[in-house]
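Commentary on secondary and tertiary structure
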Amino acid sequence: AQSVAQPEDQVNVAEGNPLTVKCTYSVSGNPYLFWYVQYPNRGLQFLLKYITGDNLVKGSYGFEAEFNKSQTSFHLKKPSALVSDSALYFCAVQDYGQNFVFGPGTRLSVLP
Amino acid sequence: GAVVSQHPSWVICKSGTSVKIECRSLDFQATTMFWYRQFPKQSLMLMATSNEGSKATYEQGVEKDKFLINHASLTLSTLTVTSAHPEDSSFYICSAPLGLAGWNEQFFGPGTRLTVL
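The numbers attached to residues start from 1 for each chain and follow its sequence in the written order. Whichever chain is written first becomes A and whichever ligand is written first becomes 1, with later ones labelled in order. Per-residue local features of the predicted model are confined to residues with pLDDT of at least 70, and side-chain atom pairs are confined, for both listing and counting, to 80 or more; whole-chain, interface and lining totals are unaffected and use all residues. Note that the side-chain values use all heavy atoms of the structure and ignore hydrogens as well as water.

Here's the deal with the interface of chain B and chain A
The contact definition used throughout considers only heavy atoms, calling two residues in contact when any of these lie within 4.5 Å. Taken together, the contact between chain B and chain A spans 18 residues of the former and 21 residues of the latter. When two parts are put together, the accessible area they lose, computed with a 1.4 Å probe and summed over both, is reported as buried area. A combined buried area of about 1,600 Å² lies between chain B and chain A, and 58% of that area is made up of carbon and sulfur atoms. The salt bridge criterion pairs a side-chain nitrogen of Lys or Arg with a carboxyl oxygen of Asp or Glu, the two atoms within 4 Å. In this structure, the connection of chain B to chain A is made through zero salt bridges. Under the rule applied, a polar contact is a pair of N or O atoms within 3.5 Å (in protein, one hydrogen donor and one hydrogen acceptor; residues adjacent in sequence only if both atoms are side-chain atoms). If you look at where chain B meets chain A, you find three residue pairs in polar contact (both at pLDDT 80 or more). Mapped onto the side of chain B that touches chain A, the elements with two or more residues apiece are strand S4 (32–38), strand S5 (44–51), strand S9 (90–100) and strand S10 (103–108) of chain B. The helix and strand labels rest on DSSP assignments: H or I over at least four residues marks a helix, E over at least two residues marks a strand, and numbering proceeds from the N terminus.

Right, dumping it as structure tokens:
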């Protein structure tokens, strides 16, 4: 069975500092990995995905993620955090049946 | 990109009533759609897979008779919460896949917040 772990419930970072939101996964085959962001009472907004190719994936709003097969990780990063980045972030893996398995989510708070 | 809409965006109902939530793919066809439920401060959990022209597939622990799913057309799936109770209060999100380059990207609706009094 596929699973996704986000070891941190909450990440706090000062505005302008780099941020990292961690994600590890467990899949039986090649992983399709995603990051989504959710603002209060809103649906999911797509940030980026890894399907194949370069391990460093660049996405929306200046975010990027690095696929590390040996560590089964797909950490989300941003060089300089903005207060507006404060939201709930979900890592997800897509299985062959097309549906998603989501991690528990990490709440990011960027402090001014 | 592709757009998925949901209606209503929020609904408040009395206990014992039924509520219908619509999920539409606006500019593409989807033979399959997915329904998720999200409780406060928790992750999204897959409830069921909606299949156009056939019965929905429910995840373990999800009551079929309580959460009725109808995939009426290639652009519309509906979720009806029957005889709703306060514990059904949640954020319901649908998604639809669009095949691109050999794999299927999912597009999520904006969600529907259901509050049962």
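Further notes follow.
A closer look at the sheet that holds strand S1 (residues 4–7) of chain B
All names here are of chain B. The pairing criterion is simple: DSSP has to find at least two bridges between the two strands. Ordered in space as S1-S3-S8-S7, the four strands form an open sheet in which the pairing is antiparallel. The strands lining the two open edges of the sheet, one partner per strand, are S1 and strand S7 (67–73). Between one strand axis and the next, the sheet turns by 20° as a mean value, whatever way the strands run. The sheet contact formed by strand S3 (residues 19–25) and strand S8 (residues 76–81) spans six bridges and is antiparallel. Its bridge partner lying in S8, Lys20 is registered against Thr80. For every element, the axis is a line fit to its C-alpha atoms; helices are fit only across the contacting stretch, and the angle between N-to-C directions ranges from 0 to 180 degrees.

Things to note about the side chain of B:Lys66
Residues and elements named next belong to chain B. Within the element layout of this structure, Lys66 appears in the loop between strand S6 (57–58) and S7. Looking at Lys66, the relative accessible area reads 12%, which means it is buried. Other than its neighbours up to four places away in sequence, Lys66 contacts Thr80, Val81, Thr82, Ser83, Ala84, His85 and Asp88. The buried label applies to any residue whose accessible area, calculated with a 1.4 Å probe on protein chains only, is under 20% of its type's maximum; exposed applies above 50%, and partly exposed to all values in between.

Some details on the environment of A:Gln45
Residue and element names in this part refer to chain A. Topologically, Gln45 is positioned in strand S6 (residues 44–50). Residues Gln45 and Ser60, 15 residues apart in the sequence, show an inter-C-alpha distance of 9.6 Å. Excluding anything up to four places from it in sequence, Gln45 contacts Trp35, Tyr36, Val37, Tyr39 and Tyr61. Among the polar contacts listed, one links the side chain of Gln45 to the side chain of Tyr61, at a separation of 3.5 Å.

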